[in-house]
Structures are given as structure tokens and as C-alpha cells.
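Given next are the chains, with one letter for each unit.
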Amino acid sequence: VEAGAADEHGVSIPFDGPAAETEIDTQLQMLQAAIDRGPDAICFAALDPEACVPMYTTAESAGIPVVEFDAGCNSEYSQNLAATDNKAAGAIAAEHLAEAIGGEGQVGIVGHSQINSTGVDRRDGFVEFLEENHPDIEIVDIQYGDGDHLKSADIAKAMIGANDLAGLYGTNEGSAIGIVNAAQELGLTGEDVKIVGFDSGAAQQEAIREGNMLGAVTQDPISIGRLTVEAAIAVVNGEEVEEFTDTGSYWFDAENIDSDEIQQMIYE
């Protein structure tokens, strides 16, 4: 995604990232290595909004501007964040789940992080929408599986066993697939418990097509990558940029998954 924008604008963008969202130290080492290379700008997606703050100070001292994508750092040095409005996206998930369960019943949340801003905002947007609009829906439990589908499945099985759940929400791909796997292991169908997810990997697409998931909220990865690169180029050229660029979020389910609009947004 970002490579296409880089080619279009004639810039070079090497990409590094840790294997899992829990590998905060690894990401910070990668950020330090990027600073040491002395690039014109750095594009960064924070796994921990606090742990990155000292590194931003280092980048500022080196005169290297930082633009962010997906998740921000709690530093005033960032020039721009191009990301999904994750609270709005969480509300989209809540709205569709509420409709599917008739506006009443018990639901649970399997989150991927209570530190990372994406996890926090996707959770809070979901919770706040239900609290404000559906008082007959009770959120009985919120647990965190680090986006790992095995841990998330164990959490979901425990939630299902302890409650009479009408629905479950997973805040990222691993969380959602963990829920789907748990339901299948317990012999539950998409009619027994409504499952909504986030992101759009191959496993979630398959679960939606097969009726094991109600649907999910997808981001717009092409826009995220393109707008991040364009913000980096702008700050290098001394141009003013907005602090936040909302890159949008979209609900997809069995009815619209094959539409042209959604097919441009989903990714594996």
C-alpha cells in the first residue's frame, strides 16, 4: 500500500515491523534503528502510546519529523496521524450486533489490547454506543487476548460457558477468529451466538461467507498507507498538515462482501 504511494511520489520507504502486537521492545528497537539511519521522515504506528515518547524526543533532537498511522504515540512531536476513527468504528460494530440480537441480551468483548489506542478506542466506541442506545443489552465481560487466536478462543469459551450470550465482539482479526473457533468447538452456529469482528483477513471473510460470523468492520488500508506517505512528504517540504486524518471504516457482511466498494477495502 505505502509502496505504491512511495513510487508515485518518487520516495523510498523501507518497512519494518514486529511479528506481534505485544512485541513493544522489538518495535522500539526498530524505531531507534530508523532514527539512526537519519531518514528525511519516519512513519510510525505505536504499539504502546507511552513507551514511544522518549524515542520521539530522540527523533526531534535529530531533526527527523514523525508522522503516524493506525495508532498514535502520546507525544506532541507527531506531525499527523492517519488512522481509522476507532471509536466510530467500534460504534458501527455495536450498532449491527444490537440490531442482530433484537436490542436485548448479554454480550461479551474479546479485546486485543487495553494499552494500544486501537484496542482501547474500538472497545470504548462499542461500549459507549450500547450504553447510550441499547439499555437492554448487558455487556457481561471484557477480556483481552493480545490478538492471539488461541488465547482469544480460550477467553471466548470461558465467557460462553459462564453466561447466556447473545453476541460477542472481537476487536481485531485474531480476537474475532478466536471467538469463531471457540463457538465452533462448542458446537454453536452463527444463529446461536452473533459474532462481529474487526479487520478483514481471509479467515474472517470465510467465516462471514459460511454464516459463522455476522460481519465485521474493515478499515481502508490503501487510504491509510497513501495518506501517511503524503503527510510525510508534506512535512519534509515544510507544509502544514492536520493533526488527524480519518481514513474511514466500513461494515461488511454476507450481503455486501462481494460489492465493488467492500472488495477494495478488505485485505488478507
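Residues numbered from 1 in each chain as written. Predicted model: local features only at pLDDT ≥ 70, side-chain atom pairs only at ≥ 80, totals over all residues. Heavy atoms only, no water.

**Some words on the state of the cysteines**
Evaluated as defined, the whole model comprises one disulfide. One disulfide bridge connects Cys52 with Cys73, the sulfur atoms lying 2.1 Å from each other. Its S-S torsion of about 115 degrees marks the bond between Cys52 and Cys73 as right-handed, since a negative value means left-handed. With a gap of 21 residues between them, Cys52 in the loop between strand S1 (42-44) and helix H3 (53-61) and Cys73 in the loop between strand S2 (66-69) and strand S3 (81-83) connect regions that are remote in the sequence. Each member of the pair, Cys52 as well as Cys73, carries the same accessibility label: buried. For the unlinked cysteine Cys43, the closest cysteine sulfur is that of Cys73, found at 15 Å. We classify Cys43 as partly exposed; its relative accessible area is 29%. (Disulfide = S-S within 2.5 Å. Helix = DSSP H or I, 4+ residues; strand = E, 2+ residues; numbered from the N terminus. Buried < 20%, exposed > 50% of the residue type's maximum accessible area, 1.4 Å probe, protein only.)

**Side note on the nonpolar core**
Membership of the largest hydrophobic core comes to 23 residues, with the highest contact counts inside it found for Val110, Met159, Leu168, Ile179, Ile195, Met213 and Phe252. Looking at this core, the elements that each hand over two or more residues are helix H6 (149-162), strand S6 (165-170), helix H7 (173-185) and helix H8 (202-209). For Met159, the residues in contact, after removing those within four places along its chain, are Gly108, Ile109, Val110, Asp141, Ile142, Gln143, Leu165 and Leu168. In terms of nonpolar packing, the next biggest core, distinct from the first, is built from 19 residues, Ala98, Ile109, Val196 and Val217 among them. (Core = buried A, V, L, I, M, F, W, Y, C linked by side-chain atoms within 4.5 Å. Contact = heavy atoms within 4.5 Å.)

That's the geometry; what it means functionally is another story.
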